[in-house]
2 protein chains.
Amino acid sequence: MTILRSPRLADGTARGIPDATVARLPVYLRALNALAEQGVLSCASGELAEQAGVNPAKLRKDLSYLGSYGTRGVGYDVEYLRYQIAREMGQTQDWDVVIVGVGNLGSALSAYQGFSTRGIRVAALVDADPSRVGTEVSGIVVSPVEQLRAIVAERCISIGVIATPGEAAQEVADRLVEAGITSILNFAPALVQVPDGVDVRKVDLSIELQILAYHEQRKTSTTSRAVKEVGA
Amino acid sequence: MTILRSPRLADGTARGIPDATVARLPVYLRALNALAEQGVLSCASGELAEQAGVNPAKLRKDLSYLGSYGTRGVGYDVEYLRYQIAREMGQTQDWDVVIVGVGNLGSALSAYQGFSTRGIRVAALVDADPSRVGTEVSGIVVSPVEQLRAIVAERCISIGVIATPGEAAQEVADRLVEAGITSILNFAPALVQVPDGVDVRKVDLSIELQILAYHEQRKTSTTSRAVKEVGA
DNA sequence: CCATGTGAATACTTTCACAGCC
DNA sequence: GGCTGTGAAAGTATTCACATGG
């Protein structure tokens, strides 16, 4: 009675796609859309892999977790594969999200063009600041946080975005969870604690730049390091 | 004279800190800053790990790549460890960045409060749209892309941020590279090709939400899966 | 004692290389 | 012949568990 987390169950049913693969499927989807726009009907793993910026073997392995949707000796049907990945990702439906915090970042997110074609719809905006409530941002009227529960229930929203300062993040997360949200994307520079069953992903703008700065530093100090390494 | 860092090459020479560790060091830095603000002078790996949201063993392993900065039986000196990580991350200096694209996202980034305390300074803004050039955003006058090379050279900038629509991303990347930039943070929903020696990190807002949507979808279809798993 | 620092064990990811099928 | 799909190998990352030393 082991709870199988392996990609494949005993009966051969594909289940439990690895995290690393899930993170790449949207990239493949985008690449397939690009190919479809160019009128390409079919493609080999090499072409698709190049479009997606990954190694062809990795691409094939990733796709193999979904099933066998290619044709040996030929490649993949662009439209068919696109549909299969979209289905696996839950993109046959649109996902409504609520954004909490309509400062610079929240406003930018609500105006973001890239969402609509990826099955994401910004359905509601919420802010704690009374001076922002009632204003219109990207065509959506900003609601007070107090209405979060009602909004989430009424519109069946399950994904929330935290775009507030770090200090407010935990309180916002608590409110989102209490309102029934089960997936959170956190842009605030703070860790949030949530109960089991709620997923949180964190995007930290400073950290991305700090990581680049680290590599940058290593590049420019290569000489001194080389000396050290030779000496060791 | 053994300053060898843990991951060794075949000849015993120290290599870089693992990527996964580098990505967490800024998190530890933030946690240490929080502790320092609370007046905490010393902490054990367990406390710091909790603040940072990681397993204590992982924290200790990560820190071990930097050196032995703790005291057995005691823990870590908050200020000392903070300094050591900051030094390793290249945060003893501030890093100037140039943001290309002053739309909603670029404006939000240039106003982002979190950068200054993390050693990041938005030094210049650039846009291809003549109607934006000359306007002031977050106290910085927007320059035309044509001046990119001059700006980068004059201010010794090595990190660039792409905050344009996807279609412009590759051209902007080319211009950044040509201007002398060697690290790029790409927010555009497109892959960019760069020559060797240039680092690119990509943050894709849609993809983060799509990953959440995938897990969300699986949650709501748990019933059928549970049956399947028991059957296996 | 007690918490660090680290080999060893485990888990996950990527890549290789080739059998299998069109 | 050519490309998929996939075991097996190699490479990373995480976690365990305990020797080590203040």
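So, a few notes on the structure that sits alongside this text. All values reported here derive from a predicted model rather than from experimental measurement.

## Digging into the sheet that holds strand S8 (residues 159-162) of chain B
Within a sheet, adjacent strands bond to each other through the backbone by hydrogen bonds, running parallel or antiparallel. Residue and element names in this part refer to chain B. Taking strand neighbours across the sheet as the criterion, the seven strands line up as S6-S7-S5-S4-S8-S9-S10 in an open arrangement whose pairing is mixed. If you trace the sheet from one side to the other, it starts and ends with strand S6 (136-137) and strand S10 (199-202), each paired once. Bridging between S6 and strand S7 (residues 140-144) involves two bridges; their strand directions are antiparallel. Residue Glu136 lies in a different strand from S7, and its bridge partner there is Val141. Here helix H6 (residues 148-155) sits on the sheet in contact with strand S4 (95-100), strand S5 (120-127) and S7, set at roughly 160 degrees to S5.

## Considerations on the pattern of salt bridges
Taken as a whole and assessed by the stated rule, the structure comprises 22 salt bridges over all chains. Residues A:Asp127 and A:Arg132 are paired through a salt bridge, measuring 3.1 Å at the closest nitrogen-oxygen approach. A:Arg132 gets classed as partly exposed once you look at its relative accessible area, which sits at 32%. The residue B:Arg82 makes a salt bridge to B:Glu79 at a minimum N-O spacing of 3.3 Å. One end of the pair, B:Arg82, and the other, B:Glu79, are both in helix H4 (residues 78-88), three residues apart, so they sit about a helical turn from each other. In this structure B:Arg82 comes out as partly exposed when scored by relative accessible area, which is 23%. What makes B:Glu79 partly exposed here is its relative accessible area of 44%.

## Focus: the relation of the copies chain B and chain A
With an RMSD of 0.1 Å, the fit of chain B onto chain A corresponds to turning through 180 degrees and sliding 0.0 Å along the axis. Here the symmetry operator amounts to a two-fold rotation axis. Most of the interface of chain B is mirrored in chain A: 94% of its interface residues are interface residues there too.

## Things to note about the sheet that holds strand S7 (residues 140-144) of chain A
Reading across from one edge, S6-S7-S5-S4-S8-S9-S10 (chain A) is the order of the seven strands in this open sheet, with mixed pairing throughout. Either end of the sheet is taken by a strand with one partner, and the two such strands are strand S6 (136-137) and strand S10 (199-202) of chain A. The pairing of strand S5 (residues 120-127) of chain A with S7(A) spans three bridges and is classified as parallel. When the sheet's bridge partners are listed, A:Asp127 is paired in S7(A) with A:Pro144. Against the sheet, helix H8 (residues 205-220) of chain B contacts strand S4 (95-100), S5, strand S8 (159-162), strand S9 (183-186) and S10 of chain A, and its axis sits at roughly 165 degrees relative to S9(A).

Cut-offs used in this document
Residues numbered from 1 in each chain as written. Chains lettered and ligands numbered in written order. Predicted model: local features only at pLDDT ≥ 70, side-chain atom pairs only at ≥ 80, totals over all residues. Heavy atoms only, no water. Pairing = 2+ DSSP bridges. Helix = DSSP H or I, 4+ residues; strand = E, 2+ residues; numbered from the N terminus. Contact = heavy atoms within 4.5 Å. Axes fitted to C-alpha atoms, helices over the stretch in contact; angles between N-to-C directions. Salt bridge = Lys/Arg side-chain N within 4 Å of Asp/Glu carboxyl O. Buried < 20%, exposed > 50% of the residue type's maximum accessible area, 1.4 Å probe, protein only. Least-squares fit on C-alpha atoms with pLDDT ≥ 70 in both.

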